[in-house]
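Here is how the chains run, residue by residue.
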Amino acid sequence: AQSVAQPEDQVNVAEGNPLTVKCTYSVSGNPYLFWYVQYPNRGLQFLLKYITGDNLVKGSYGFEAEFNKSQTSFHLKKPSALVSDSALYFCAVRGPTGGFKTIFGAGTRLFVKA
Amino acid sequence: KAGVTQTPRYLIKTRGQQVTLSCSPISGHRSVSWYQQTPGQGLQFLFEYFSETQRNKGNFPGRFSGRQFSNSRSEMNVSTLELGDSALYLCASRSSGTERNEQYFGPGTRLTVT
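The following paragraphs examine the structure supplied in this document. Computed from a predicted model, the values in this text were never measured in an experiment.

Here we take up the nonpolar core. Counting residues in hydrophobic clusters, the biggest one holds 28 residues, and the most contacted among them are Trp35(A), Leu47(A), Leu48(A), Phe74(A), Leu76(A) and Tyr89(A). Elements represented by at least two residues in this core include exactly β2 (10–14), β3 (19–21), β5 (32–38), β6 (44–50), β8 (64–68), β9 (73–78), β10 (87–94) and β12 (108–113) of chain A. With residues up to four places along the chain from it excluded, the contact list for Phe74(A) reads Cys23(A), Leu33(A), Phe34(A), Trp35(A), Leu48(A), Lys49(A), Tyr50(A), Ala65(A), Glu66(A) and Phe67(A). Residues Trp34(B), Ala87(B), Cys91(B) and Leu111(B) belong to the second largest nonpolar core, which totals 21 residues.

Structure follows, in structure tokens:
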């Protein structure tokens, strides 16, 4: 069965510092991995995806994520955090089979302090 | 291009009633998925429709049902509402082309069951 774990409920970081939001996954076969962000009273917005290819994926708003197959991780990173990055971040996984059913992690709330 | 729209945005119902939520996907998108978001359970997959056919279903009771019309608009119905059905219901659409792995979410319908 597919699963996603986001071990931190909340991440606090100062503006201008690098940020990391952690994600590990479990899926049979090669995973399709995603990061989404949710702002208050809004739906989820797509940030980036890993399907195949280069392990370092670049996405929207300066975010990037590194796929690590041996550690089954897909951590979200940004070199310099902005206060406006404060939001709820979701990691998601889909297996190569079973259609497009996507499993989301519990979410990590990011607070960026000015 | 207009985004995913969901109506209504807010809804208050009483236990035992039924409710129908509507989702209009991005023009040209033929796949629509529904998710339930609650503080306790996070984002949970309900079902996915493609070309009027249900392709995947999550682990929800039969009180939750959906359908998709020929214009790709989708509705989900919850019968015999329970207090635990209070949640944000999110709809996401997806294209069939090269960007088929990315889901685009609507703003959600906030359902409160009293």
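On to the layout of surface pockets. Approximately 420 Å³ is the volume found for the largest pocket. Together, 19 residues line the largest pocket, and Gln38(A), Leu88(A), Phe90(A), Arg109(A) and Gln37(B) are the ones closest to its centre. Elements with a contribution of two residues or more to the lining of the largest pocket: β10 of chain A together with β4 (31–38) of chain B. Among the residues making up the lining of the largest pocket, the classes are represented as seven nonpolar, eight polar and four charged. Roughly 250 Å³ of internal volume is contained in the second largest pocket. Looking at the lining of the second largest pocket, the element that brings in the most residues is β6(A), giving three residues. Split into classes, the residues belonging to the lining of the second largest pocket amount to seven nonpolar, five polar and two charged.

With that settled, the discussion passes to the pattern of salt bridges. One pass over the structure, following the stated rule, counts nine salt bridges over all chains. The closest approach of N and O atoms between Asp85(A) and Lys78(A), which form a salt bridge, is 2.8 Å. When sorted by exposure, Asp85(A) lands in the same class as Lys78(A), which is buried. The salt bridge involving Arg63(B) is made with Asp85(B); its shortest N-O contact spans 2.8 Å. Note that Arg63(B) is positioned in the loop between β6 (53–57) and β7 (64–68) and Asp85(B) in the loop between β8 (74–78) and β9 (87–94), a separation of 22 residues in sequence. For the residue pair Arg63(B) and Asp85(B), the accessibility class agrees, reading buried in each case. Salt bridges linked by common partners bring Arg63(B), Glu82(B) and Asp85(B) together as one network.

In the structure shown here, the tally under the stated rule is two disulfides over all chains. Covalently, Cys23(A) is tied to Cys91(A) through a disulfide, its sulfur atoms 2.0 Å apart. A torsion of -60° about the S-S bond marks the disulfide between Cys23(A) and Cys91(A) as left-handed. With a gap of 68 residues between them, Cys23(A) in the loop between β3 and β4 (24–26) and Cys91(A) in strand β10 connect regions that are remote in the sequence. Pair check on accessibility: Cys23(A) and Cys91(A) agree, each one buried. Here Cys23(B) connects covalently by a disulfide to Cys91(B), the sulfurs 1.7 Å from one another. Taking the sign of the S-S torsion, about -50° here, the bridge from Cys23(B) to Cys91(B) comes out left-handed. One end of the pair, Cys23(B), is in strand β3 (residues 19–24); the other, Cys91(B), is in strand β9, with 68 residues separating them in the sequence. The pair Cys23(B) / Cys91(B) is uniform in exposure class, with both members buried.

Quick look at unusual backbone geometry now. Most peptide bonds take the trans form, and the phi angle of most residues other than glycine is negative. The peptide bond linking Thr7(B) to Pro8(B) adopts the cis configuration, its omega dihedral lying at -10°. As for its position among the elements, Pro8(B) is in the loop between β1 (5–7) and β2 (10–13). Even without being glycine, Thr72(A) reaches a positive phi, approximately 45°. With respect to the helices and strands, the residue Thr72(A) is situated in the loop between β8 and β9.

Rules used throughout
Residues numbered from 1 in each chain as written. Chains lettered and ligands numbered in written order. Predicted model: local features only at pLDDT ≥ 70, side-chain atom pairs only at ≥ 80, totals over all residues. Heavy atoms only, no water. Core = buried A, V, L, I, M, F, W, Y, C linked by side-chain atoms within 4.5 Å. Buried < 20%, exposed > 50% of the residue type's maximum accessible area, 1.4 Å probe, protein only. Helix = DSSP H or I, 4+ residues; strand = E, 2+ residues; numbered from the N terminus. Contact = heavy atoms within 4.5 Å. 1 Å grid on protein atoms, 1.4 Å probe; cavity = no way out; pocket = protein on both sides within 12 Å on 5 of 7 lines; lining within 4 Å. Points joined across faces, edges and corners; volume = space filled by probe spheres on them. Nonpolar A, V, L, I, M, F, W, Y, C, P; charged D, E, K, R; others polar. Salt bridge = Lys/Arg side-chain N within 4 Å of Asp/Glu carboxyl O. Disulfide = S-S within 2.5 Å.

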